[in-house]
Structures are given as structure tokens and as C-alpha cells.
Amino acid sequence: MPVTYLETGSQDPYYNLAFEEFVLTSRRQGEYLLLWQNDNTIVVGQNQNTEAEINRAFVEAHGIRVVRRSTGGGAVYHDLGNLNYSFITDVGDAERLTMERFTRPVVEALRGLGLRAEASGRNDILVEGRKVSGTAQRVVRGRILHHGTLLFDADPGMVAGALNADPAKFQSKSAKSVRSRIGNIRDYLPADMEMEAFWQYLKDALSGGGMIPGSLTAEELSAVEELKRTKYDTWQWNYGRSPQYDLANRRRFEGGGLEVRVQVREGRITGVVFYGDFLARAPLDDLTAALEGCEFRREAVAAVLERFPLADLFGAITEEEVLETMFYVS
């Protein structure tokens, strides 16, 4: 099937994520490939506690922008040495929906440059044992967004500094991202190339030779600007409130870190929030709304959880692990 190729024409992270979401939710047919860059930005996962992921003093000193994406996983730093890619297509057979379906073409493209690339773990792509790409997914009404980073020639000092949250402040309060040893693709190339050439190579390789250049209409671009203004460029979306809760537990499982904060009044849940770097493919809003008013008992919460597709909401974290975290007694 032909692939429509789109570029955002921007290095603004708030605009780029709005552009990506608009294509996912409004272009309901066909396959799309987007390549784009954010300049000097931290992008946190959909369910993460932003303040727990960033080094606030470093971020402010270096003018780093902070934005929340609509997919799960951990926090990442973007600069112009980083290239992002997005696949948008039909979900197809939901039972066979895997990361490998989308990481394989990227791995093969990197191998085509002479790199020893491989998929690893939950959502990483490695070159010679170093992480060069992290990926995440989101599903909306039968359409899937799979996107990822490609560290081509990023500044490792900025990556380390921006994502180094104060350990004393968050020692027991958050499910922080697990930091991996990272590497730059450019360092491992048999023959050096510039970002521009890498971008062109990747565009050709990932479109499978069937690329159709595309663009959004003026009306669609106006809708992107509105989504940027009302969602991605707001404090509420990027940081949000972090109220005090009666109970706060966190655990780490093979499927990622999970933190649960629950507010209880007269034996019933009046507020609940989930944080973590688990690989969600859908927002948790409907689940958290359903839990409000529920008796704070393991059996009652389990009955609510069973009504939801937990693999989409929590990735590889299971119902039993969610319950274990909520009702964990140290």
C-alpha cells in the first residue's frame, strides 16, 4: 500500500505533537509516515509525573521546553541531533498488535547503513548494546500511532542533565523512568553522513519505495494550531495538578514502573491517579472516572478493572499487578 509522507515544517514540540495527533484522529484511511524534529525539549510519557522526570534548575537554565505526549513510556530529551518518526495506519488484527510490527522496518533500515541494530526489551532499538531509539504506541478508533526517537547526533550532556531529577525530592514519590545507556547512530556508521542525508535515507527506507508526498489543507493546519493552543501548549496538560492523596504506593514490574495515588472518603474512592512509564496505548481517563465512587476494596476495584482493556491502558502490567500496587502494604 502506498505511504503518504508528511512533514510538520516545525521544530516546536507543542505544534509537532498536535500535528501528529490531528493526523491520527482525522485522517481515517491510508498509511502515513511522518519525520520531524523538536529542538531543545523534554517529552514525558502520557502517564508520568512531569516534575519527577526533569531537573527543574537545568531545564530553566537551558531554556528547555517540556511537553507531554499522548503515548506511554518514559521521558526523553530531543534536540536537532534527534530525528523522530511516526507511523499511522489501521490497527488490523488487534490480537497480533506488537511493537515488532513497527520496529522491524526501522531496525532493517539501520542495518542497511551497516549498523548492528536490534530490537530489545519492551520498546528499545539498540546498536552495539547502546539505546538509539525508544518507541511507544496509541490506538484510537481502529487507527494506531507508533512513534519513536532516533538518536543520530544528540548532545549526551543535555540528555543526562535535563532528565536528572532531584533524587532527594522524589526518592519515594514517583515511578521515574529507567535510564538506559544511550548512543548516537552517527558514531557507529561505517561511513559518516550528515543529518540531512540520514533524513532522506530514512524517508525512502521506511516508505518502502511507495511514498506519496502529502500535506495538510489550510483548514487542517488551523485545526492543528487550535489543538496546540488548547492542549499541548498548556500547563494543565504538561504538568497538571498533583494533589495530596491518602495512599501512595509504587512498584516496579517487568512491564514498567507503576505509582498509584488514591483518595478515599467514607470507604469509597473519591480520586485516583496512576503514574508510570508503562507502555499505554490509550488514556486512563475512563478507568479513573469509573473507579471514583467504587468501594476501596480489592474485590470491588478488580470488578471495575475487568471491564477495561488493561493491555491498552497499562501495557504489560497486569490486573494483578495493578491491584498489588493499589493494595500493597509495606
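Use the structure listed above.
Quantities reported herein were computed from a predicted structural model and do not represent experimental measurements.

(A) How the structure looks around the environment of Phe-198. Relative to the assigned elements, Phe-198 resides in helix α7 (residues 195–206). Here the alpha-carbon distance between Phe-198 and Thr-89, two residues 109 residues apart in the chain, equals 24 Å. Excluding its chain neighbours within four sequence positions, the residues that come into contact with Phe-198 are Leu-83, Leu-110, Leu-113, Leu-150, Phe-152, Ile-185 and Met-193.

(B) How the structure looks around the packing of helix α1 (residues 13–26) against helix α8 (residues 218–232). Packing of α1 against α8 leaves a shortest axis separation of 8 Å and a crossing angle of 120 degrees. Put simply, α1 runs oblique to α8. At the point where α1 passes α8, the crossing takes the right-handed sense. The residues of α8 that touch α1, namely those facing Tyr-14, Tyr-15, Leu-17, Ala-18, Phe-19, Glu-21 and Phe-22, are Glu-220, Leu-221, Ala-223, Val-224, Glu-225, Leu-227, Lys-228, Lys-231 and Tyr-232.

(C) Highlighting the pairing of strand β10 (residues 143–151). For β10, a buried count of 9 out of 9 residues is recorded, marking the element as mostly surrounded by other parts of the structure. Burial along β10 is two-sided: the residues Arg-143, Leu-145, His-147, Thr-149 and Leu-151 and Ile-144, His-146, Gly-148 and Leu-150 are all buried. As defined by bridge partners, strand β6 (residues 82–90) adjoins β10 across 9 bridges and the pair is classed as antiparallel. The residue of β10 that forms the bridge with Phe-87 is His-146. For strand β9 (residues 130–140) and β10, the ladder comprises 6 bridges, and the chain directions are antiparallel. Across the sheet, residue Val-139 finds its bridge partner in β10, namely Ile-144. Between the antiparallel neighbours β9 and β10 lie 2 residues, among them Arg-141 with a positive phi of about 45 degrees.

(D) Highlighting the sheet that holds β6. Strand order across the open sheet formed by 8 strands is β7-β8-β9-β10-β6-β2-β1-β11, with mixed pairing between neighbours. On the outer flanks of this sheet lie β7 (117–120) and β11 (211–213), each paired with one strand and no other. Within the sheet, the average angular offset between the axes of one strand and its neighbour, ignoring direction, is 25 degrees. Inspection of the sheet shows strand β1 (residues 3–6) paired to strand β2 (residues 31–36) by 4 bridges, in the parallel sense. When the sheet's bridge partners are listed, Tyr-5 is paired in β2 with Leu-33.

(E) Focus on the sheet that holds strand β14 (residues 268–276). Within the open sheet, the 3 strands sit side by side as β12-β13-β14. Their pairing is antiparallel. Two strands bound the open sheet, and with one partner strand each, they are β12 (247–253) and β14. Each strand of the sheet is rotated relative to its neighbour by a mean of 20 degrees, with strand direction disregarded. With 8 bridges joining them, strand β13 (residues 256–265) and β14 adopt antiparallel strand pairing.

(F) Inspection of α7 at higher detail. Over its 12 residues, α7 runs 16 Å from end to end, which matches the ideal 16 Å to within 8%, given 1.5 Å per residue. What α7 keeps buried is the set Met-195, Phe-198, Trp-199, Leu-202, Lys-203 and Leu-206. Considered in projection along α7, the buried side chains sweep an arc of 135 degrees and stay on one side of the axis. Contacts made by the buried residues of α7 are with β1, β2, β6, α4 (100–111), β10 and β11. Just downstream of α7, Gly-208 is the residue with a positive phi angle, here 65 degrees.

(G) Focus on the packing of aromatic side chains. Inspection of every chain in the model, using the stated rule, returns 9 aromatic pairs. Centroid distance Phe-152 to Phe-198: 4.6 Å. Interplanar angle 20 degrees. Geometry classified as stacked. Placement of the pair is Phe-152 in the loop between β10 and α5 (156–162) and Phe-198 in helix α7, with a sequence separation of 46 residues. Just as Phe-152 is buried, Phe-198 falls in that class too. Put simply, the rings of Tyr-85, Phe-87 and Phe-102 pair up and form one aromatic cluster.

(H) Inspection of the pattern of salt bridges at higher detail. The tally for this structure, following the rule as stated, stands at 21 salt bridges. The closest approach of N and O atoms between Arg-229 and Glu-226, which form a salt bridge, is 2.8 Å. Placement of the pair is Arg-229 and Glu-226 together in helix α8, with a separation of 3 residues, close to one helical turn. Exposure remark for Glu-226: the relative accessible area of 39% places this residue in the partly exposed category. The salt bridge involving Arg-297 is made with Glu-295; its shortest N-O contact spans 2.6 Å. In the salt-bridge network here, residues are joined through shared partners; they are Asp-153, Arg-186, Asp-192 and Glu-194.

(I) Inspection of the nonpolar core at higher detail. Core analysis: the largest hydrophobic core is formed by 30 residues, its most contacted members being Leu-110, Ile-185 and Phe-198. For this core, the elements supplying multiple residues, two or more each, are β1, β2, β6, α4, β8 (124–127), β10 and α7. Contact partners of Ile-185, with chain neighbours within four places excluded, come to Leu-110, Leu-115, Val-132, Leu-150, Leu-151, Phe-152 and Phe-198. Grouped together as the second largest cluster of nonpolar side chains are 25 residues, Ala-300, Leu-310, Leu-313 and Ile-317 included.

Rules used in this analysis
Counting from 1, residues in each chain are numbered in the order their sequence is written. Per-residue local features are limited, in this predicted model, to residues with pLDDT of at least 70; the limit for side-chain atom pairs, both in listing and counting, is 80 or more; totals at the level of whole chains, interfaces and linings are taken over all residues. The basis for every side-chain value is the complete set of heavy atoms in the structure, and neither hydrogens nor water enter the calculation. Strands here mean DSSP runs of E at least two residues long; helices mean DSSP runs of H or I at least four residues long; both are numbered from the N terminus. Residues count as neighbours in contact if any of their non-hydrogen atoms are within 4.5 Å of one another. Axis definition: a line fitted to C-alpha atoms, limited for helices to the stretch in contact. Angles are taken between N-to-C directions and run from 0 to 180 degrees. Each angle gets one of four labels, with under 35 degrees taken as roughly parallel, over 145 as roughly antiparallel, 65 to 115 as roughly perpendicular, and the rest as oblique. Each crossing gets its handedness from the near helix: less than a right angle anticlockwise from the far helix is left-handed, clockwise is right-handed. Burial here depends on accessible area, computed with a 1.4 Å probe over protein chains only, as a share of the maximum for the residue type. Under 20% is buried, over 50% is exposed, and the range in between is partly exposed. Pairing between strands is defined by DSSP: at least two bridges between them are needed. By definition here, a helix of n residues has an expected span of 1.5 Å times n minus one. Along the arc lie the directions from the helix axis toward the C-beta atoms. Pairing of aromatic rings covers Phe, Tyr and Trp, the last through its six-membered ring, and needs centres within 6.5 Å; plane angles under 30 degrees mean stacked, over 60 mean edge-to-face, and all others mean tilted. Any Lys or Arg side-chain nitrogen located within 4 Å of an Asp or Glu carboxyl oxygen qualifies as a salt bridge. Nonpolar cores were defined as sets of buried Ala, Val, Leu, Ile, Met, Phe, Trp, Tyr and Cys residues, with membership established by side-chain atoms within 4.5 Å.

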